[in-house]
Amino acid sequence: MKVIVAMSGASGAIIGIRLLEVLGKNAVLIASKNAKDIIEYETSYSYEALADVPSKVYDNNNLSAEIASGTSKFDAVVIAPCSTSTLSKIACGIGDNLITRVASVALKERRKLIIVPRETPLSPVVLKRMYELSLMGAVIMPPVPAFYLKPKSVDEIVNYLVGKIMDHLGLEHSLYEPYTE
Ligand SMILES: Cc1cc2nc3c(=O)[nH]c(=O)nc-3n(C[C@H](O)[C@H](O)[C@H](O)COP(=O)(O)O)c2cc1C
């Protein structure tokens with residue numbers, strides 16, 4: 001499976017990082033300028049070290065990359081974390097960088113698009129765009145912890161969130177224990 005992991009400039013960089021670690025060479029990476037800054041600010045990872053994990057890294061300004069075309073046979077796009085700016089652009093059909101372009105391609109080609117928007121509270125503008133994207137077939141997956149699983153650490157919460165993304169990609173994992181009665 002080939003998954004495009006896109007990281008945009010929202011808090012929660014560790015979610016995209018953990019997803020990359022789980023997918024390994026099945027992933028390719030695009031990170032926006034602000035995402036790169038936030039990776040360094042919020043985590044102990046450097047963008048350069050992270051770039052070794054996926055099979056390929058793309059420049060977000062490179063709109064000539066092969067994945068910018070619907071002829072490229074990727075299976076899914078996951079934007080984690082997703083800024084409200086990137087989310088709103090996708091909902092409006094704006095493809096001004098490689099992240100928003102591959103999301104547009106996923107929508108037009110009816111491929112899986114999973115968006116992990118991180119913001120709180122949510123304005124009517126963003127709620128409306130989320131609703132529209134959901135109707136278009138995107139999966140809107142805010143990074144909300146499953147408190148009922150009684151997480152003991154941020155790490156456990158991140159694993160749960162990435163596990164849910166893997167569930168929607170249809171990929172096996174052991175990132176969280178499902179709820180039992
Ligand atoms: C440290 C930092 C944290 C940010 N966190 C968020 C956030 O959680 N959600 C959000 O929508 N924007 C956040 N922003 C603002 C976005 O980075 C900004 O709107 C940017 O233009 C998004 O562009 P991009 O999606 O192309 O990365 C943050 C910015 C900085 C510098």
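Residues numbered from 1 in each chain as written. Predicted model: local features only at pLDDT ≥ 70, side-chain atom pairs only at ≥ 80, totals over all residues. Heavy atoms only, no water.

(A) Region of interest: the site of the ligand. Inspection of the region around the ligand gives S8, G9, A10, S11, S32, N34, I38, S83, T84, T86, R118 and E119 as its neighbouring residues. Contact between the ligand and S32: an oxygen atom at 2.6 Å from a side-chain N or O atom of the residue. Measuring from a nitrogen atom of the ligand, one finds a backbone N or O atom of R118 at 2.7 Å. When the ligand sits alone it has 640 Å² of accessible area, and the protein chains cover 65% of it. Of all elements in the fold, only α2 (33-42) and α4 (84-91) reach the threshold of two or more residues within the shell around the ligand. (Near = heavy atom within 4 Å. Polar contact = N/O pair within 3.5 Å; in protein donor to acceptor, adjacent residues only side chain to side chain. Areas by Shrake-Rupley, 256 points an atom, 1.4 Å probe, with all protein chains shown as cover. Helix = DSSP H or I, 4+ residues; strand = E, 2+ residues; numbered from the N terminus.)

(B) Spotlight on the nonpolar core. Counting 32 residues, the largest nonpolar core has V5, M7, L19, L23, V78, I165 and L169 as the members making the most contacts within it. Sorting the residues of this core by element identifies β1 (3-7), α1 (13-23), β2 (27-31), α2, α3 (47-50), β4 (76-82), β5 (112-117) and α7 (154-169) as the ones contributing at least two each. For this core, the leading source of residues is α7, giving seven residues. Every residue in contact with V78, bar those within four places of it in the chain, is listed here: V3, I4, V5, A6, L19, I114, I165 and L169. Counting residues in hydrophobic clusters, the runner-up holds 28 residues, among them A65, I90, I99 and M130. (Core = buried A, V, L, I, M, F, W, Y, C linked by side-chain atoms within 4.5 Å. Buried < 20%, exposed > 50% of the residue type's maximum accessible area, 1.4 Å probe, protein only. Contact = heavy atoms within 4.5 Å.)

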